[in-house]
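# Breakdown of the fold
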Amino acid sequence: MFELIGIPPMLLFGQLMIGLINGVFYAMMSLGVAIIFGMLRIGNFVHGAQYMLGAFGAWYLLHLPDLFPGLGLPALGYWWALVIVPVAVGLVGAATERLFIRRVYDLEHAYGLLLTVGLAMVIEGLFNVRYGAAGQQYNVPETLKGVVNLGFMFLPIYRLWVIVAGIVVCVVTWFVIERTKLGSYLRAATENPDLVRAFGINVPRMLMLTYAFGVGLAGLAGVMAAPIYQVSPQMGQSIIITIFAVVVIGGMGSIFGAIFSGLMLGLIEGLTKVFYPQGSTTVIFVIMAIVLVFRPAGLFGKETSAFHAADMSNARSDSFLENGRLWLPVLAVIGAALPFLVYPVFAMKMLCFALFASAYNLVFGYVGLLAFGHAAFFGASAYVAAQSAAVWGFPPELAILAGVAMATVIGALFGWLAIRRQGLYFAMITLALAQIVYFYAIQASWTHGEDGIQQVPRGYLFGMIDLDQPLNMYYFVLAIFLAGFALIYRIIHSPFGQVLKSVRENEPRAISLGYSTDRFKLIAFTLSAMLAGLAGGTKAIVFQIASLTDLHFMTSAEALLMSLIGGVGTLLGPIVGAVVVVTMQKEFASLGSWVVVVQGAAFVLCVLFLRKGVVGTLEEYLSNRQARRAALAVADRPETPRAGAAS
Amino acid sequence: MNAVSTDNIIEASGLTKNFAGFAAVSDVDLNVRRHSIHALIGPNGAGKTTTFNLITKFLAPSSGRILYNGTDITSESPARVARRGIVRSFQISAIFPRMTVGENVRIALQRPLGTSFRFWQSERSLRVLSERVDELLTAVGLTDQRDQTAAGLPYGRKRALEFATTLALEPELMLLDEPTSGLGNEDVDRIAELIRKVSANRTILMVEHNLSVVSRLADMITVLARGRILAEGDYSEISNNQQVIEAYIGGEDD
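Worth saying up front: this structure is predicted, and the values here are computed from it rather than measured. (Residues numbered from 1 in each chain as written. Chains lettered and ligands numbered in written order. Predicted model: local features only at pLDDT ≥ 70, side-chain atom pairs only at ≥ 80, totals over all residues.)

### Quick word on the overall build of chain B
Per the secondary structure count, chain B includes 9 helices and 10 strands. A compact globule built from 254 residues should have a C-alpha radius of gyration of about 18 Å, and chain B, at 19 Å, falls within 12% of that. When each of the 254 residues of chain B is scored for burial, the buried share is 46%. Long-range pairs, those at least 24 residues apart, make up 67% of the contacts in chain B with a sequence separation of at least 6. (Helix = DSSP H or I, 4+ residues; strand = E, 2+ residues; numbered from the N terminus. Rg over C-alpha atoms; globule rule 2.2 N^0.38 Å. Buried ≥ 20, exposed ≤ 12 C-beta atoms within 10 Å, placed from the backbone. Contact = placed C-beta atoms within 7 Å.)

### Some words on the overall build of chain A
The helix and strand tally for chain A stands at 27 helices and 4 strands. The C-alpha atoms of chain A give 27 Å as radius of gyration, which agrees with the globular expectation for 647 residues (26 Å, within 12%). For chain A, the spread of C-alpha atoms along the three principal axes comes to 100 × 70 × 60 Å. Here chain A, with 647 residues, has 55% of them falling under the buried criterion.

### Points about the environment of Gly368 of chain A
By the secondary structure assignment, Gly368 of chain A is in the loop between helix 14 (344-364) and helix 15 (375-390). Residues Gly368 of chain A and Ser313 of chain A lie 55 residues apart in sequence; the distance between their C-alpha atoms is 7.8 Å.

### A closer look at the environment of Arg80 of chain B
Considering the arrangement of structural elements, one finds Arg80 of chain B in helix 2 (residues 78-84). The exposure class of Arg80 of chain B is partly exposed, given the 15 C-beta atoms found within 10 Å.

### Concerning the interface of chain B and chain A
Contacts between chain B and chain A engage 32 residues on the former and 24 residues on the latter. Looking at the side of chain B that touches chain A, the elements that each hand over two or more residues are helix 2, strand 6 (86-88) and helix 3 (101-110) of chain B. Per-element tally for the side of chain B that touches chain A: the top contributor is helix 2 of chain B, with 4 residues. For the side of chain B that touches chain A, the residue count by class is 18 nonpolar, 8 polar and 6 charged. (Nonpolar A, V, L, I, M, F, W, Y, C, P; charged D, E, K, R; others polar.)

### Comments concerning the domain arrangement of chain A
Residues and elements named next belong to chain A. Partitioning chain A into structural domains gives domain 1 (9-294) and domain 2 (320-552). Computed from C-alpha atoms alone, the centre-to-centre distance between domain 1 and domain 2 is 34 Å. Every contact between the two is made by 18 residues of domain 1 and, on the other side, 16 residues of domain 2. Contributing elements (two or more residues each) for the side of domain 1 that touches domain 2: helix 5 (109-131), helix 10 (235-250) and helix 12 (283-294). Per-element accounting of the side of domain 1 that touches domain 2 gives the leading share, 6 residues, to helix 12. The residue makeup of the side of domain 1 that touches domain 2, split by class, is 13 nonpolar, 5 polar and no charged. (Domains from an automatic or database assignment.)

### Topic: the sheet that holds strand 5 (residues 71-72) of chain B
Residue and element names in this part refer to chain B. One open sheet accounts for 4 strands, arranged 2-1-4-5; its pairing is antiparallel. Both outer strands of the open sheet, strand 2 (22-33) and strand 5, are each paired with one neighbouring strand and no more. Its contacts with the sheet put helix 1 (residues 48-55) on strand 1 (8-19), strand 2 and strand 4 (63-68), and the angle it makes with strand 1 is roughly 115°. (Pairing = 2+ DSSP bridges. Axes fitted to C-alpha atoms, helices over the stretch in contact; angles between N-to-C directions.)

### Observations regarding the sheet that holds strand 7 (residues 173-177) of chain B
Residue and element names in this part refer to chain B. Taken in spatial order, the 6 strands line up as 6-7-8-3-9-10 in an open sheet, and their pairing is mixed. The outermost strands of the open sheet, each flanked by one partner alone, are strand 6 and strand 10 (228-233). Here the strands of the sheet are splayed against their neighbours by 20° on average, with no regard to which way each runs. Pairing of strand 9 (residues 220-225) with strand 10, which is carried by 5 bridges, proceeds in the antiparallel orientation. What sits directly across from Ile221, in strand 10, is Gly233. Along the sheet face, helix 1 touches strand 3 (37-41), strand 6, strand 7, strand 8 (203-207) and strand 9 and points at about 150° away from the line of strand 7.

### Regarding the pairing of strand 3 of chain B
Residue and element names in this part refer to chain B. Burial analysis of strand 3 places 5 of its 5 residues in the buried class, which makes it a mostly covered element. Where burial is concerned, the two faces of strand 3 agree: the one with Ile37, Ala39 and Ile41 and the one with His38 and Leu40 are both buried. Here strand 3 pairs with strand 8 via 4 bridges, running parallel. Across the sheet, Leu40 pairs through a bridge with Val207, a residue of strand 8. For strand 3 and strand 9, the ladder comprises 4 bridges, and the chain directions are parallel. Across the sheet, residue Leu40 finds its bridge partner in strand 9, namely Thr222.

### What about the environment of Gly393 of chain A?
Looking at the element boundaries, Gly393 of chain A is found in the loop between helix 15 and helix 16 (396-418). Residues Gly393 of chain A and Val291 of chain A, spaced 102 residues apart in sequence, show a C-alpha to C-alpha distance of 40 Å.

### Comments concerning helix 23 (residues 553-566) of chain A
End to end, helix 23 of chain A covers 20 Å across 14 residues, agreeing with the expected 20 Å (1.5 Å per residue, within 8%). Positive phi shows up at Gly567 of chain A, right after helix 23 of chain A, with a value of about 130°. (Expected span 1.5 Å × (residues − 1).)

### Topic: the pairing of strand 9 of chain B
Residue and element names in this part refer to chain B. Counting buried positions along strand 9 gives 6 out of 6 residues, so the element sits mostly inside the fold. A two-sided burial pattern is seen for strand 9, the buried positions comprising Met220, Thr222 and Leu224 on one face and Ile221, Val223 and Ala225 on the other. Counting the residues in the hairpin turn of strand 9 and strand 10 gives 2 residues, including Arg226, whose phi is positive at 50°.

### Observations concerning the packing of helix 14 of chain A against helix 21 (residues 517-543) of chain A
Residues and elements named next belong to chain A. The N-to-C vectors of helix 14 and helix 21 enclose an angle of 170°; their axes lie 8 Å apart at closest approach. Taken together, the axis directions place helix 14 and helix 21 in an arrangement best described as roughly antiparallel. Along the contact surface, helix 14 presents Met348, Cys352, Leu355, Phe356, Ala359, Tyr360, Leu362 and Val363, while helix 21 presents Ala524, Phe525, Leu527, Ser528, Leu531, Ala532, Leu534, Ala535, Thr538, Lys539 and Val542. Considered class by class, the residues forming the contact of helix 14 with helix 21 number 16 nonpolar, 2 polar and 1 charged. (Parallel < 35°, antiparallel > 145°, perpendicular 65-115°, else oblique.)

### Some remarks on helix 25 (residues 594-609) of chain A
The end-to-end C-alpha distance of helix 25 of chain A is 22 Å, a good match for the 22 Å that 16 residues give at a rise of 1.5 Å each. Tucked into the core, helix 25 of chain A has its buried residues touching helix 5 and helix 23 of chain A.

### Examining the confidence of the model for chain A
Summing up the model confidence of chain A, the mean pLDDT is 88 and the portion of residues at 70 or higher is 95%. Per-residue pLDDT stays below 50 along residues 639-647 of chain A; that stretch engages in 0 contacts with residues further than four places along the chain or on separate chains. (pLDDT = per-residue confidence, 0-100.)

### Quick word on the packing of helix 15 of chain A against helix 16 of chain A
Residue and element names in this part refer to chain A. The interhelical angle for the contact between helix 15 and helix 16, taken along N-to-C directions, is 145°, at an axis separation of 7 Å. Read as a crossing pair, helix 15 and helix 16 show a hand that is right-handed. Here Ala376, Phe377, Ala380, Ser381, Ala382, Val384, Ala385, Ser388 and Ala389 of helix 15 lie close against helix 16, whose contacting residues are Pro396, Ala399, Ile400, Ala402, Gly403, Val404, Met406, Ala407, Ile410, Gly411 and Phe414. Taken together, the residues of the contact of helix 15 with helix 16 sort by class into 16 nonpolar, 4 polar and no charged. (Left-handed = near helix turned anticlockwise from the far one by under 90°.)

### A few points about the confidence of the model for chain B
Residue and element names in this part refer to chain B. With 95% of its residues at a pLDDT of 70 or more, chain B shows a mean pLDDT of 85. Of all helices and strands in chain B, the one with the weakest mean pLDDT is helix 9 (residues 242-250) (75), whereas helix 3 scores best (93). Segment residues 1-5 is flagged for pLDDT under 50; beyond a separation of four residues in sequence, or across chains, it makes 7 contacts in the model. This complex was scored by the predictor with a pTM of 0.87 and an ipTM of 0.82.

### Section: unusual backbone geometry
Residue and element names in this part refer to chain B. Its identity is not glycine, yet Asn69 carries a phi of approximately 50°, on the positive side. Secondary-structure assignment places Asn69 in the loop between strand 4 and strand 5. A count of 16 C-beta atoms within 10 Å places Asn69 in the partly exposed class. Non-glycine residue Glu170 carries a positive phi angle of around 50°. For Glu170, a count of 13 C-beta atoms within 10 Å gives the class partly exposed.

Right, here's the structure in full:
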């Protein structure tokens, strides 16, 4: 048999075909995400879960008689599923919009992303509880069985059908949005809802239908995917981050860009599998990084010159709750007593995550950048610290420093790539970049894949102090935590911190005063990565392991959740949040896979009802009380001058 | 008129900005004389704010060239241009709402200290600026509100604060985007007086709708309509220009 550039053509075309199939799904999914993002300004992280719902929907329909025995329901096959499931998933989407999404339209974009992350965790968590990691089989429908001989390869008819049907769906959708009156109403409604309302159009309903439509597309993709991939609770989780990267590559608000990039990237991924298999999981993210360097707005995106950092802070800088000089000794005293109240290991976990969340909050709360990839810094540092302690025999303090150095370098690099974008795009980019590190750790040999680096020695601090003694280890971690806390406080209250504050509050004005705000943001981001690395490296020494969990996007989400629960942009919030989340994880550990559901629900509830977090709410209460007192004092005052005038 | 120096601080030539095929500004030549008060007027959509954004580099021109003191600044970043001494205000009052009035001014004074990247230094190091902060606040009549958060100020006072912040940078060229819009008569007079006061040894380019303010302050007026220059001259020339009268009456209402 002949070969092409040393590759058997069967293999080449086979992988290209798989790539094209993946590309069709990427295109359909990115299309939905791009529509929802373009029209509703929501980064629909739950899209992956909705795709999974579509696949399960098809599977349920086929198993109706087994699921509801005795009702005499027929088993509904693929063609029924193709009609019923997208509508059903779309209806679920409409209900989701009505109950949840609608409440965050007027808030900072961050909340929409957080809300949908929470919803995804709840939905995927519930399916995981019921079905576990095992996939369900869904057979190719009878009518589409068999293969066509293309001469150079055999193509299963079902795959041909997916390619043709998927592309038709994408093209029709593009046409409706870009070329019809309905589409122009939709686009107008996002530009200027009041004006469109004045035309007599029910804008809320239109937005609900748009969301439902985007979600329905995910459901349709799910049905079409069911016979090709395993129907499993995890199928959406693995695809959604790739989809976000595809949308970034395609470009801001470009429907065509989403479709085109989806197809192309599927093909490129397929080619990578042939020529450089190790790179196939990361190639899309790497392409995204390259595109960002040369075309920050994406391939087909329009360059927008919107300067806008999100002010998510809940603090009042003159409040005693923000006074680090007061809280540093208080935390030191509490910290010193802690190992006598709870297990030292548990206390150390709290401290590591409190530092991690505080580091994250520096960039999220105090700069207003929605970073979503801090697991990369935390985890990379953990791996480097573990490697240098376990393999190279570094003492613990140097191992942690090595980890910190790695986190700082990666932080500076990721920051440089992402900093020119704002809001949701910043979140998507940092998320996708972090995946590069995650997939690298799965494949590199020194990281030992699923096992991670185990049995890391704690060693002797400065060659003298035996860290295998739990209390020695604990006080070392406490010292690191307090140092990190002090540094963060200093950063916030430095000349540099003042500029950060001005950037957060009014970036165009800060620029007009002569500050190159991107540089300030980049430095803050790098400092935040460095401190996240300090937490990660310390964690590796404490728990004597570095594992994929440290790099998983759920770890980034946890940092976010901790900041949110405690109070974004407050000094103490992330610490309170870390204590709450770590305790919650411990208490719910017995629930097994329910933990994800509980955490997801916590996300949703926080976004809907506790946006200011514990510390932020307390701050609000205190400041209201102060305002009431001041008002009372003013009300009392008229008496005084009159008395004075009389005398 | 000012005879201190007759050269131009800004020389913009062939300035054009297209937005998706629509020319917001086309082929504008604008010379701003040093130490003058120069007003840009024109009906809505004439391209005044776009011109502002082009000169301060908040927008990149599609074509054309901008010289500032003879230096080509066409491809510089907005922050760089600001550091050169061109400082702008915004249509919506540009303050830092959750910082105190004093901090608002201090953030502008802080930059020349050169310590703005020092994240390891205490903000107490900025106390050396308090005296200058107080001077600037006194100049705009905000001394009593120094420790109050800026968000709580009435609208007219916010504009005064913005003015103080801009002045803090000792700009050579101030660009004021509708400095009196949304103000009551009393505040309009105060701001106009302030503009006159600070215009000594400075150049001011302003977009202004209030023609009485323009007549009182401006040495030179450029009238824009549909992205092009319609007329240029002092107030009496402009107010008698037939084309200008038509543009205002026959054009889009204001």
